[in-house]
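Summary of the model geometry
Here are the chains, one letter per residue:
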Amino acid sequence: MVTNLSTAPNKRSRLAGKLGDLSHAKVSSGEFKYSKGTEIFGEAEPADYIYQIIEGAVRTHKLLSDGRRQIGAFHLPGDIFGLDNGDFHRFTAEAIVDTTVRLVKRQSLERAAKTDPAMVRSLLTMTTANLRHVENHILLLGCNTARERVAAFLLEMNGRLTSPGVIALPMSRRDIADYLGLTFETVSRMFSAFARKGYLRFLDDPRQRQIVVLNAAGLTQLGPRKQRWTQRPSVD
């Protein structure tokens, strides 16, 4: 279910950061609430809007030729998504939980950018931030072992989710598995192994999505090793 919050009385914009700075009288925007599991946009649909999460979480995914689902990104409060390089979306976006999103009309942004250099800089900043997420995901998928991938994922979420001392994961282990290119069973096995080692513990939550990181340094050691660069010998 989708609810248009833009028509609510006494509505006050809660948009933050770069997209909030761009959402002004010259730019067409609106605020919508999507129920858990609702599709926000589909693969190959026109990329008419840019989105920012106010509350909740979104996954973007693509179905592979063999029927498997590959999750490309998890978008959390404050994140911007839907900035596709082209006229159509390459992924499908769905609300993981009940989620409130600000939509800004892409065409109105592009039109306003023609006369506003500050807007051009803001759009460039948003684009490069999205590229960093993509690069980080590529590096994560390049990890050799499941242990490295799951440890790196937990460290990423520990940095992005801001509840004091607690990672409140909105996504399921099935989602995590499809993000990391692993099976559900492997992700569950790694979570249990990390808990036995004392790196984390689960709060009283039957889904085990509330996690306290007890030893971030230990997870860092388990994560992908930094590549060692060697100096090439000089040729005289």
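Computed from a predicted structure; not experimentally measured. (Residues numbered from 1 in each chain as written. Predicted model: local features only at pLDDT ≥ 70, side-chain atom pairs only at ≥ 80, totals over all residues. Heavy atoms only, no water.)

Structural notes on the packing of aromatic side chains
Threshold: Here a pair means two rings of Phe, Tyr or Trp (six-membered ring of Trp) with centres within 6.5 Å. Their orientation is stacked below 30 degrees between planes, edge-to-face above 60, and tilted elsewhere. In this description a helix means any DSSP run of H or I spanning at least four residues, a strand means any run of E spanning at least two, and both kinds are numbered starting from the N terminus. Summary of the burial criterion: residues with accessible area below 20% of their type's maximum are buried, those above 50% are exposed, and those between are partly exposed, where the area comes from a 1.4 Å probe applied to protein chains only.
Evaluated as defined, the whole model comprises eight aromatic pairs. With a centroid separation of 5.2 Å and an interplanar angle of 40°, the aromatic rings of F41 and Y51 are classed as tilted. Taken as a pair, F41 in strand β3 (residues 39–41) and Y51 in strand β4 (residues 49–55) lie far apart in primary sequence, 10 residues in all. For the pair F41 and Y51, a shared accessibility class is recorded, and that class is buried. Ring centres of F74 and Y179 lie 4.8 Å apart, and the angle between their planes is 45°; on these two criteria the pair is classed as tilted. Placement of F74 in strand β6 (residues 69–75) and of Y179 in helix α5 (residues 173–180) is noted, with a sequence separation of 105 residues between them. Judged by its relative accessible area of 4%, Y179 falls in the buried class. An aromatic cluster is present here, built from F41, Y51 and F81 joined pairwise through their rings.

A word on the sheet that holds strand β10 (residues 167–168)
Threshold: Strands pair, by our definition, only if DSSP identifies at least two bridges between them. Contact between two residues is taken to exist if any of their heavy atoms lie within 4.5 Å; hydrogens are not considered. Lines fitted to the C-alpha atoms define the axes, with helices restricted to the stretch that makes contact. Angles between their N-to-C directions range from 0 to 180 degrees.
The three strands are arranged β10-β12-β11 in an open sheet whose pairing can be described as antiparallel. Lying at the two open borders of the sheet, with one neighbouring strand each, are β10 and β11 (200–202). Looking at chain direction, β11 and strand β12 (residues 210–213) are connected through three bridges and run antiparallel. Its bridge partner being in β12, F202 is matched across the sheet by I211. Relative to β11, helix α6 (residues 184–196) is tilted by about 110°, and along the sheet it contacts β11 and β12.

Points about the pairing of strand β2 (residues 29–34)
Side chains on a regular strand alternate between the two faces of the sheet. In the sheet, strand β1 (residues 2–4) pairs with β2 via three bridges, with the strands oriented antiparallel. Across the sheet, V2 pairs through a bridge with Y34, a residue of β2. For β2 and strand β9 (residues 99–105), the ladder comprises six bridges, and the chain directions are antiparallel. By the bridge assignment, E31 is partnered in β9 with R102.

Here we look at the confidence of the model for the chain
Going by this rule: Note on scores: pLDDT gives the predictor's confidence for each residue, bounded by 0 and 100.
On average, residues of the chain carry a pLDDT of 82, and 83% of them reach 70 or more. Within the chain, the lowest mean pLDDT, 53, falls on helix α1 (residues 17–22), and the highest, 98, falls on strand β8 (residues 92–95). Between residues 8–16, whose pLDDT stays under 50, and residues either more than four places distant or in other chains, the model counts 16 contacts. Low pLDDT (under 50) marks residues 226–236, which in the prediction has zero contacts with non-local residues, meaning those over four places away or in another chain.

What about the sheet that holds β9?
The strand order across the open sheet formed by five strands is β1-β2-β9-β4-β7, and the pairing between neighbours is antiparallel. One side of each edge strand has no neighbouring strand; the edge strands of this open sheet are β1 and β7 (80–81). Together, β4 and β9 form the strand contacts of helix α2 (residues 106–113), whose direction differs from that of β9 by roughly 45°.

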